[in-house]
Amino acid sequence: MLVRSRPPVYGSLLGIGRRSLDNFRDTLRIARQRFAVRPARYPNVSWWAWVLVWIFLTGAAFVRLDTPAGMAHGQWSPGVARLAEFLTQFALGGWYLIPAALLLVAANLTDWRSLSRRSLMLVYNWTCLAFLVLSAVGLSGLLVNILKYAIGRARPLYFDDFGVLALHPFAFDARFAGFPSGHATTMGAVFGILLLLFPRRWSIALLVTACIASTRVFVGAHYPSDTVAGFGLGCAFALACGLVFARLGFIFRPTRAGLPLRKASFRLIAPRE
């Protein structure tokens, strides 16, 4: 009786598929176990204060800045406009979501059992970071896209036609997708992640991310209140994700009060021997 052997390529692909499935199941098992043994006791973060500050800043930007921004559209100097067009590209979610997704795919296909302890910790830390970025940026981006089409605020590009507060809910038209800003939401999420990872450098992180978020005003895509609202929303999502990660023991450790702290074992570069 002739037995046909499977091609080597088929066998290797099958092995990779099984490894991927096993890694995915192991991840789910670890997460479920940690959720089961660690009660949902999150620190008493002043979310209401956060919401009130967020609403106040958004309202202040609307009252004081939105109309001047709408009137100034198209009147910025060519140098400012070109710089804004360049910097605003770094607020695209793809810059953060695509590398994070590729890292997770690579980690899912990796044979973790063959790694040394040092390599294992390095891959583990990068995987956790990718998962945090994908969660914070991806989930906040999903919500902001729902909100902006549900609210339907006209963009400042059409200030002369519709004014500063023209709402067309569920119009599903890019002209009426101004509030909140998706790019600013991405920058807010990035700031929240940096705040958790490098709390002592929060001012630098805020300056850089807020400047990039503000370029949406100079390119005429959003009013200042759109960017403030989006930035606060993204930051809140990142901090909430950090609290969940601390409960799971990924990257952070929980604290009795306030935001979680980064673990000493979380390193993205292997230490020198």
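Everything below is about the structure shown above.
Residues numbered from 1 in each chain as written. Predicted model: local features only at pLDDT ≥ 70, side-chain atom pairs only at ≥ 80, totals over all residues. Heavy atoms only, no water.

A. Local environment of the pattern of salt bridges. Here the structure, examined in full by the defined rule, presents 3 salt bridges. Where R153 meets D226, a salt bridge forms, and the shortest distance between an N and an O atom there is 2.8 Å. Residue R153 is found in the loop between α6 (117-151) and α7 (159-162), and its partner D226 is found in helix α10 (residues 224-248); the two are separated by 73 residues along the sequence. Here R153 matches D226 in class, with each residue buried. (Salt bridge = Lys/Arg side-chain N within 4 Å of Asp/Glu carboxyl O. Helix = DSSP H or I, 4+ residues; strand = E, 2+ residues; numbered from the N terminus. Buried < 20%, exposed > 50% of the residue type's maximum accessible area, 1.4 Å probe, protein only.)

B. Spotlight on the packing of α6 against α10. Where α6 contacts α10, the two axes come as close as 9 Å, and the packing angle between them is 140°. As far as their axial angle goes, α10 and α6 are oblique. α10 is crossed by α6, and the crossing has right-handed handedness. Contacts between α6 and α10 pair C128, F131, L132, S135, A136, L139, S140, L143, V144 and L147 from the former with L233, G234, F237, A238, C241, G242 and F245 from the latter. Each residue belonging to the contact of α6 with α10 can be placed in one class, and the counts come to 13 nonpolar, 4 polar and no charged. (Axes fitted to C-alpha atoms, helices over the stretch in contact; angles between N-to-C directions. Parallel < 35°, antiparallel > 145°, perpendicular 65-115°, else oblique. Left-handed = near helix turned anticlockwise from the far one by under 90°. Contact = heavy atoms within 4.5 Å. Nonpolar A, V, L, I, M, F, W, Y, C, P; charged D, E, K, R; others polar.)

C. Representation of a nonpolar patch on the surface within the structure. On the surface, L83, F86, F90, L92 and W95 cluster together into a nonpolar patch covering about 510 Å² of accessible area. Among the structural elements, W95 can be located in helix α5 (residues 94-109). (Patch = residues over 30% accessible without salt bridge, like charges linked within 9 Å, V, L, I, M, F, W, Y side chains within 5 Å. Areas by Shrake-Rupley, 256 points an atom, 1.4 Å probe, with all protein chains shown as cover.)

D. Fine view of helix α9 (residues 202-218). Taking 1.5 Å per residue as the helical rise, α9 with its 17 residues ought to reach 24 Å, and the 25 Å between its terminal C-alpha atoms agrees with that figure. Within the sequence span of α9, burial applies to A205, T209, I212, A213, T215, R216 and V217. Elements that come into contact with the buried residues of α9 comprise α3 (66-72), α4 (78-87), α8 (182-197) and α10. At the exit of α9 stands G220, carrying a positive phi of roughly 80°. (Expected span 1.5 Å × (residues − 1).)

E. Layout of the packing of aromatic side chains. Overall, the coordinates contain 11 aromatic pairs when judged by the stated rule. When the centroid spacing of 6.3 Å and the interplanar angle of 65° are considered together, the rings of Y158 and F162 count as edge-to-face. Overall, Y158 belongs to the partly exposed group, its relative accessible area being 25%. Of the aromatic side chains, those joined through ring pairs into one cluster are Y124, F131, F245 and F250. (Phe/Tyr/Trp six-rings, centres within 6.5 Å; stacked < 30°, edge-to-face > 60°.)

F. Seen up close, the nonpolar core. By size, the foremost hydrophobic cluster in this structure holds 34 residues, and its most contacted members are L132, M187, I193, L197, I251 and F252. Where this core is concerned, the elements lending two or more residues are α6, α8, α9 and α10. If one sorts the elements of this core by residue count, α8 sits on top with 9 residues. (Core = buried A, V, L, I, M, F, W, Y, C linked by side-chain atoms within 4.5 Å.)

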